[in-house]
Amino acid sequence: MRRIGFELTVAVRFLREGRFQSLLIIFGVAAGVAVVAYISALVTGLQQNTLNKTLGAQAHVVITPLDERVTPVLPRAADERPFSDLQPRAQRLRNLSNWPLVVARLERQPGVAAVSPLVAGSGLAQRGEATRAVTVAGVEIERYARVVGLASKRVAGSLQLAPGDTIAGITLASDLGVRVGDRITLSTGPRSEVLRITGLVDLGVRELNRRTLLVPLRTGQTLFDLPGGATQIDITLDDVWAAQDLARSLAQQLPYKVESWQDTNSQLVSALNAQSVSTTIIRGVVMMVVVLGIASVLVVSVVQKQREIGILRAMGATRGQVLRVFLLQGALVGAIGSALGVVLAMALVFLFTRVVRGPDGAPLFDITLPPALAAQVALVAAVAGVLAAVAPARRASRMDPAQAMRS
Amino acid sequence: MSAAGAASGAGAPLVALHDIHKRYNVGLPTETEVLHGISLSLAHGEFVALIGPSGSGKSTLLNVLGLLERPSSGTYTLAGTPVQGLDDDGLTRLRRETLGFVFQFHHLLPAFTALENVTLPALARDGQVSAALRERGRALLAGVGLAAAMDRKPQALSGGMQQRVAIARALVLQPALVLADEPTGNLDTASADEVFVMLRRMHAEVGTSFLIVTHDPRLAARCDRVIEIVDGRVARDAPSALQP
């Protein structure tokens with residue numbers, strides 16, 4: 001502190017002396033920081049909400065067998081025109097060889113939250129006259145529940161799956177006119193079974209609610225003629241954004257097709273990216289305005305204080321000291337303004353969660369201002385303050401003391 | 001201590017100017033030379049008046065002496081240090097070690113109290129004001145009759161009082177030379193007299209050399225030595241007429 005005792009004292013006095021100017025610019029900085037912090041919190045909340053909704057009923061990484069291909073007799077060069085074309089193979093439901101080993105290995109992998117093997121295929125659900133095409137998933141219910149967070153999605157009945165039981169999406173249940181305890185007939189190609197509805201779930205996406213039918217893994221294996229098999233492994237991760245990397249590395253290690261949620265939701269990903277880019281642009285522009293604001297006030301202050309700068313120099317202040325006096329003013333304005341701005345942003349966030357509510361009266365979605373984000377924004381603003389002060393401070397330090405005093 | 005005695009005494013002079021020229025707007029059509037080869041020297045403990053008509057170059061000479069402006073040519077040795085070899089920070093350091101300033105328009109910082117203004121050179125030099133220097137500041141302010149006004153801001157002080165604060169400030173780091181630019185120019189006769197008496201008293205008490213720019217011949221007559229500048233040249237350099 002002693003090393004910049006002079007600079008700090010003079011900077012604080014200068015700021016206090018031009019009280020009105022200082023307050024104006026501090027509030028300017030505060031407004032800028034508040035906008036940046038609030039927008040960041042809002043967009044983070046919005047994206048989190050969108051992700052939760054989309055990924056709520058989806059695995060982050062899905063492993064399936066590789067597509068079957070017809071291998072050409074001769075390899076074909078890129079520029080060669082085919083003499084005859086090959087008909088692509090129909091993709092039948094196939095077992096994922098060695099799946100118990102793969103599941104066991106994946107469960108030990110760090111960052112993996114849940115792993116669930118399943119037999120997934122399509123079938124027809126019938127009750128009386130009503131018939132609906134469904135996606136049948138034969139699952140180990142405890143594992144599957146962890147992958148998609150089924151516990152929070154239960155609407156009626158239980159989440160137990162004994163042999164002969166099934167859990168249905170709510171729209172499917174209402175389409176078929178069934179309630180918990182009712183029976184439906186499920187047919188998959190040659191086989192069919194009568195199943196009892198034990199629970200109804202709301203997966204948050206209409207299409208899934210209309211088609212989903214969960215059955216025990218063993219029932220699934222029987223229905224699709226894959227005794228002891230699994231056609232798919234669903235993985236949920238602790239960090240959704242790690243999905244792509246994990247999928248890529250798994251694809252290299254395993255002879256399977258590995259897809260991340262980003263691969264299957266590319267539109268969502270690009271929408272999220274567009275949002276992030278817009279946020280970054282807004283943040284950049286606001287920060288620029290903050291910098292320009294601080295800079296312009298300091299430029300005026302340097303001109304106003306010419307005489308005082310001259311006195312300071314005559315009293316033995318070095319150029320460096322004068323430079324630091326003005327840099328410190330920028331830093332102080334930035335720091336005080338950003339502290340105020342963070343408080344303001346917290347108030348805005350609070351207001352948002354209080355005022356903006358859905359039709360049911362619950363908050364539309366959660367937004368919070370993470371301390372790390374607040375600290376980051378505040379730090380950026382303080383640094384911006386110093387940067388903004390560079391030009392005026394250099395100008396002040398270059399002033400010829402005699403000239404400065406004459407004016 | 002007799003200033004005249006010190007002036008004639010042996011030893012290195014405090015100030016030695018040799019053939020100092022100062023030109024402004026060099027290279028422009030408006031180029032003008034303000035100082036045309038000034039040579040003079042001051043000894044330790046002198047009390048000197050620098051007089052001359054307006055536009056004669058007094059203030060420029062004072063700025064050169066005060067290391068606020070660099071001469072265009074010539075040599076200047078201050079307290080044994082050749083000035084022309086110093087960079088800007090070197091000049092600043094030499095300035096705060098050897099010089100004190102009193103300006104015509106008192107030039108106090110409005111955001112600081114009288115005492116803080118007085119100790120400002122210490123703050124600039126050390127980054128803090130030591131208890132000893134704060135005490136010295138108080139003593140100097142008391143010495144110029146402002147014991148009761150130490151914590152007042154400059155706006156709350158009269159012109160004469162402000163100028164006395166400036167004198168105390170000039171002396172706080174015990175400089176070898178105090179440069180005063182029309183220290184009484186902006187004051188009514190009574191205050192002017194008061195300030196001048198104060199300067200003389202400080203000179204007698206502290207033994208610092210004083211160089212006072214003035215165009216008031218009565219004031220000049222009360223100094224020990226008078227240097228007159230006319231058109232950028234030394235026209236006269238003699239002991240004051242009033243001196244015995």
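Calculation notes
- Residues numbered from 1 in each chain as written.
- Chains lettered and ligands numbered in written order.
- Predicted model: local features only at pLDDT ≥ 70, side-chain atom pairs only at ≥ 80, totals over all residues.
- Helix = DSSP H or I, 4+ residues; strand = E, 2+ residues; numbered from the N terminus.
- Rg over C-alpha atoms; globule rule 2.2 N^0.38 Å.
- Buried ≥ 20, exposed ≤ 12 C-beta atoms within 10 Å, placed from the backbone.
- Contact = placed C-beta atoms within 7 Å.
- Domains from an automatic or database assignment.
- Pairing = 2+ DSSP bridges.
- Axes fitted to C-alpha atoms, helices over the stretch in contact; angles between N-to-C directions.
- Parallel < 35°, antiparallel > 145°, perpendicular 65-115°, else oblique.
- Left-handed = near helix turned anticlockwise from the far one by under 90°.
- Nonpolar A, V, L, I, M, F, W, Y, C, P; charged D, E, K, R; others polar.
- pLDDT = per-residue confidence, 0-100.
- Core = buried A, V, L, I, M, F, W, Y, C linked by C-beta atoms within 7 Å.

## Quick notes on the overall build of chain A
Line of reasoning, step 1. Helix and strand counts for chain A stand at 14 helices and 10 strands.
Line of reasoning, step 2. In terms of C-alpha radius of gyration, chain A reaches 32 Å, well past the compact-globule figure of 22 Å for 407 residues.
Line of reasoning, step 3. Along the longest, intermediate and shortest principal axes, the C-alpha atoms of chain A span 105 × 60 × 35 Å.
Line of reasoning, step 4. The buried share among the 407 residues of chain A stands at 40%.
Line of reasoning, step 5. Contacts in chain A between residues far apart in sequence, at least 24 positions, make up 81% of those at least 6 positions apart.

## Remarks on the domain arrangement of chain A
Line of reasoning, step 1. Taken as a whole, chain A is organised into domain 1 (2-54 + 269-406) and domain 2 (61-70 + 90-261).
Line of reasoning, step 2. Look at where the C-alpha atoms of domain 1 of chain A and domain 2 of chain A centre, and you get two points 52 Å apart.

## Notes on the sheet that holds strand 9 (residues 225-230) of chain B
Residue and element names in this part refer to chain B.
Line of reasoning, step 1. Spatially, six strands are ordered 6-7-8-3-9-10 in an open sheet, and the strand pairing comes out mixed. Two strands close off the open sheet at either side, each with one partner strand: strand 6 (99-102) and strand 10 (233-239). Across the sheet, the axes of successive neighbouring strands diverge by a mean angle of 15 degrees, strand direction being ignored.
Line of reasoning, step 2. Pairing of strand 6 with strand 7 (residues 177-181) involves four bridges; the strand directions are parallel. Bridge pairing links Phe101 to Leu179 in strand 7.
Line of reasoning, step 3. Contacts from helix 6 (residues 159-171) reach strand 6 and strand 7, with the element oriented near 175 degrees to strand 6.

## So, the packing of helix 2 (residues 19-55) of chain A against helix 12 (residues 319-355) of chain A
All names here are of chain A.
Line of reasoning, step 1. Where helix 2 meets helix 12, the closest approach of the two axes is 6 Å, and the angle between their N-to-C directions is 45 degrees. Our classification of the angle between helix 2 and helix 12 gives oblique. Helix 2 and helix 12 meet at a crossing whose hand is right-handed. Seen from helix 2, the contacting residues are Ser22, Ile25, Ile26, Val29, Ala30, Ala31, Gly32, Val33, Ala34, Ala37, Tyr38 and Ala41; seen from helix 12, they are Val333, Gly334, Ile336, Gly337, Ser338, Leu340, Gly341, Val342, Leu344, Ala345, Leu348 and Val349.

## Side note on the interface of chain B and chain A
Line of reasoning, step 1. With 23 residues of chain B in contact, the opposing surface of chain A contributes 23 residues.
Line of reasoning, step 2. Those elements that provide at least two residues to the side of chain B that touches chain A are helix 3 (88-98) and helix 4 (114-126) of chain B.
Line of reasoning, step 3. Counted by class, the side of chain B that touches chain A contains 11 nonpolar, six polar and six charged residues.

## Thoughts on the environment of Ala57 of chain A
Line of reasoning, step 1. By secondary structure assignment, the location of Ala57 of chain A is in the loop between helix 2 and strand 1 (61-65).
Line of reasoning, step 2. In the structure, Ala57 of chain A is positioned 91 residues away from Val148 of chain A in sequence and 5.0 Å away in space, judged by C-alpha atoms.

## Comments concerning the sheet that holds strand 5 (residues 81-82) of chain B
All names here are of chain B.
Line of reasoning, step 1. The sheet built from four strands is open, its strands ordered 2-1-4-5 with antiparallel pairing. Of all strands in the sheet, those bounded by a partner on one side alone are strand 2 (32-42) and strand 5.
Line of reasoning, step 2. Inspection of the sheet shows strand 1 (residues 15-24) paired to strand 4 (residues 73-78) by five bridges, in the antiparallel sense. Of the residues in strand 4, the one forming a bridge with Val15 is Leu78.

## Description of the pairing of strand 7 (residues 191-201) of chain A
Residues and elements named next belong to chain A.
Line of reasoning, step 1. Pairing between strand 4 (residues 154-157) and strand 7: three bridges, direction antiparallel. If you follow Arg154 over to strand 7, its bridge partner there is Val201.
Line of reasoning, step 2. In this structure, strand 5 (residues 165-169) lies alongside strand 7, joined through five bridges in parallel fashion. The partner of Gly169 across the bridge, within strand 7, is Val201.
Line of reasoning, step 3. Examined bridge by bridge, strand 6 (residues 183-188) and strand 7 share six bridges and lie antiparallel to one another. Opposite Thr185, over in strand 7, you have Val194 as the bridge partner.
Line of reasoning, step 4. The antiparallel pairing of strand 6 with strand 7 creates a hairpin that spans two residues between the two strands, and Gly189 there sits at a positive phi of about 60 degrees.

## Thoughts on unusual backbone geometry
Line of reasoning, step 1. For Asp225 of chain A, which is not glycine, the phi torsion reads 60 degrees and is therefore positive.
Line of reasoning, step 2. Residue classification places Asp225 of chain A among the partly exposed positions, given that 14 C-beta atoms sit within 10 Å.
Line of reasoning, step 3. Despite not being glycine, Leu67 of chain B shows a phi value in the positive range, around 60 degrees.
Line of reasoning, step 4. Note that Leu67 of chain B resides in the loop between helix 2 (58-65) and strand 4.

## Some points on the confidence of the model for chain B
Residue and element names in this part refer to chain B.
Line of reasoning, step 1. Averaged over every residue, the pLDDT of chain B is 86; residues scoring 70 or more account for 93%.
Line of reasoning, step 2. Scored below 50 in pLDDT, residues 1-10 makes 18 contacts in the model with residues more than four places away or belonging to other chains.
Line of reasoning, step 3. The ipTM, which scores confidence in the relative placement of chains, is 0.81 for this predicted complex, and the corresponding pTM is 0.72.

## Describing the nonpolar core
Line of reasoning, step 1. With 129 residues, the main nonpolar core has Val33, Ala37 and Ile294 of chain A together with Val48, Leu50 and Ile212 of chain B as its most contacted residues.
Line of reasoning, step 2. Ranked by residues supplied to this core, first place goes to helix 12 of chain A with 12 residues.
Line of reasoning, step 3. Among all residues touching Ala37 of chain A, those that are not within four sequence positions of it are Gly341, Val342, Ala345, Leu369, Leu373, Ala374 and Val377 of chain A.
Line of reasoning, step 4. Judged by nonpolar contacts, the second largest core, of 55 residues, contains Val139, Ile141, Ile184 and Ala230 of chain A.

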